[in-house]
Amino acid sequence: MKKLLIPIIILAAACSGPKSPLEEVNVFNGTGLAGHTYPGATTPFGAVQLSPDTDPNSASGYKWKDGKILGFSHTHLSGTGCPDLGDFLVTPGIGEAKPLEFSHNDEKAYPGYYSVKVPGIKAELTASPHAGVHRYAFSGKGERIIKIDANHCVGGWCSPEDVSLGTRADEIVGHRTVTGWAKHRDIYLSAMFSKPWLRASETGTGIWEFVFPE
């Protein structure tokens with residue numbers, strides 16, 4: 001994450017002339033009406049499209065008009081008419097993990113990077129060709145919670161057929177087979193936190209909550 005951020009900060013501070021090519025790109029184009037694009041982080045031809053989900057019935061999972069973020073999932077379609085994907089939704093919370101109220105004034109995004117400030121939390125996302133990276137900075141009072149939901153789908157007719165999620169030492173591992181626009185699609189999860197959790201609990205099939213100290 002630092003290797004991505006530091007050059008951009010130096011460039012912005014050092015240059016008083018034209019904007020960098022990254023700053024010229026508006027990744028929110030097409031997120032309104034029926035554009036069906038997402039503003040999150042990906043790489044060219046990347047396997048991961050890490051982006052906020054505001055509307056599970058939108059083809060891309062994100063609609064500009066919405067005022068709450070359900071969480072951040074790892075796969076998205078852009079510009080299609082049919083909704084699908086939205087694999088492995090991650091939702092941070094303080095005290096509880098729930099939809100996050102946000103303002104577009106608190107969003108920042110350019111190719112390969114997305115951030116948003118919600119009450120008590122700053123969320124930052126970036127991606128490599130095969131992995132998504134989350135960073136959450138908590139400032140509110142209460143236990144820090146990260147929820148991972150392997151059942152979440154983009155598309156009202158998406159149907160998980162087989163879901164598993166659990167822990168192995170300090171790793172979270174998961175798998176699901178799901179039918180949506182694509183039939184019987186298999187996807188796997190391997191995730192690690194930068195800090196150890198206080199406790200972890202399965203709150204439903206394919207749903208885990210991880211609690212961290214203040």
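Residues numbered from 1 in each chain as written. Predicted model: local features only at pLDDT ≥ 70, side-chain atom pairs only at ≥ 80, totals over all residues. Heavy atoms only, no water.

K.L.:
Help me understand unusual backbone geometry in this model?
P.N.:
Phi is positive for His 36, which is not a glycine, with a value near 60°. The topology assignment puts His 36 in the loop between α2 (21-24) and β1 (51-53). For His 184, which is not glycine, the phi torsion reads 50° and is therefore positive. As for its position among the elements, His 184 is in the loop between β12 (171-179) and β13 (185-192). Of the residues examined, His 184 reaches a relative accessible area of 54% and is grouped as exposed. (Helix = DSSP H or I, 4+ residues; strand = E, 2+ residues; numbered from the N terminus. Buried < 20%, exposed > 50% of the residue type's maximum accessible area, 1.4 Å probe, protein only.)

K.L.:
In this structure, what is going on with the packing of aromatic side chains? I would like to understand it.
P.N.:
Remark: the centre distance and the inter-plane angle together describe each pair of aromatic rings, the angle taken between the planes. Using the criterion set out here, one finds eight aromatic pairs in the structure. Put simply, the rings of Phe 193, Trp 197, Trp 208, Phe 210 and Phe 212 pair up and form one aromatic cluster. (Phe/Tyr/Trp six-rings, centres within 6.5 Å; stacked < 30°, edge-to-face > 60°.)

K.L.:
I tried to follow the sheet that holds strand β9 (residues 132-138) on my own but got confused; where do I start?
P.N.:
Strand pairing in a sheet relies on backbone hydrogen bonds, with the paired strands running either antiparallel or parallel. A sheet is described by the order of its strands in space; here four strands give the open sequence β6-β7-β8-β9, paired in antiparallel fashion. Only two strands of the sheet have a single partner each, and these edge strands are β6 (107-110) and β9. Mean inter-strand twist for the sheet, computed between neighbouring axes without regard to direction, equals 10°. Both β6 and strand β7 (residues 113-118) contribute to a ladder of four bridges, which runs antiparallel. Considered in β7, the bridge of Ala 109 is made with Tyr 114. (Pairing = 2+ DSSP bridges. Axes fitted to C-alpha atoms, helices over the stretch in contact; angles between N-to-C directions.)

K.L.:
Sorry if this is basic, but what is going on with the pairing of strand β4 (residues 89-94) here?
P.N.:
Consecutive side chains along a regular strand alternate between the two faces of the sheet. Among the six residues that make up β4, five are buried, leaving the element largely enclosed by the rest of the structure. Of the pairings in the sheet, the one linking β4 to strand β10 (residues 144-149) comprises six bridges and is antiparallel in character. Within β10, the position partnered with Leu 89 by the bridge is Asp 149.

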